Amino acid sequence: MIKRTGILVEIEKQLIKNGAADELKLAKRPLEYRITKFFNLDHFLPSPVEEIFVDWDFHQEYSYMVLILKRSTP
């Protein structure tokens, strides 16, 4: 599990103030997945990533990313 803080840029903060938090989550989710593929997380982890789950707390300005790794075979 990865906790990230300070995750919002100014336009995202304004969207949240305008009541568009749900729409922002829908827009950010596919972008987050593309970013994780771009950074090739498998290179840094003991086994390949099988699934990724992301959720945000926009008001506290942090997010959690949960990585499910493929089981290693002995």
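Refer to the structure presented above.
Residues numbered from 1 in each chain as written. Predicted model: local features only at pLDDT ≥ 70, side-chain atom pairs only at ≥ 80, totals over all residues. Heavy atoms only, no water.

**Q** Can you walk me through helix α2 (residues 21-38) in this structure?
**A** Each turn of an α-helix holds 3.6 residues, which means side chains three or four residues apart point in the same direction. Along its 18 residues, α2 runs 25 Å from first to last C-alpha, staying within 8% of the 26 Å computed at 1.5 Å per residue. At K28, α2 shows its maximal bend, which comes to roughly 30°, and the proline P30 appears one to four places after that position. Those residues of α2 that sit buried are L24, K28, E32 and T36. N40, located one to two residues past α2, shows a positive phi value of around 50°. (Helix = DSSP H or I, 4+ residues; strand = E, 2+ residues; numbered from the N terminus. Expected span 1.5 Å × (residues − 1). Bend = angle between axes of the 7 residues up to and from the residue. Buried < 20%, exposed > 50% of the residue type's maximum accessible area, 1.4 Å probe, protein only.)

**Q** I'm lost on the side chain of E12 in this one. Help?
**A** Structurally, the position occupied by E12 is in helix α1 (residues 10-17). In this structure E12 comes out as buried when scored by relative accessible area, which is 11%. Every residue in contact with E12, bar those within four places of it in the chain, is listed here: I7, L24 and K28. (Contact = heavy atoms within 4.5 Å.)

**Q** Explain the pattern of salt bridges to me, please; I cannot follow it from the model alone.
**A** Close approach of charged atoms allows side chains with opposite charge to pair. For the structure on display, the rule yields five salt bridges. Residue E12 is joined to K28 by a salt bridge in which the shortest nitrogen-to-oxygen separation is 2.8 Å. Residue E12 is located in helix α1, and its partner K28 is located in helix α2; the two are separated by 16 residues in the primary sequence. Each of the two residues, E12 as well as K28, counts as buried. K25 is the salt-bridge partner of D55, the closest N and O atoms lying 3.1 Å from each other. In this pair, D55 is assigned in strand β2 (residues 49-57) and K25 in helix α2, connecting sequence segments 30 residues apart. Judged by its relative accessible area of 41%, D55 is partly exposed. A relative accessible area of 23% places K25 in the partly exposed class. The structure contains a network of salt bridges with shared partners spanning E10, K13 and E61. (Salt bridge = Lys/Arg side-chain N within 4 Å of Asp/Glu carboxyl O.)

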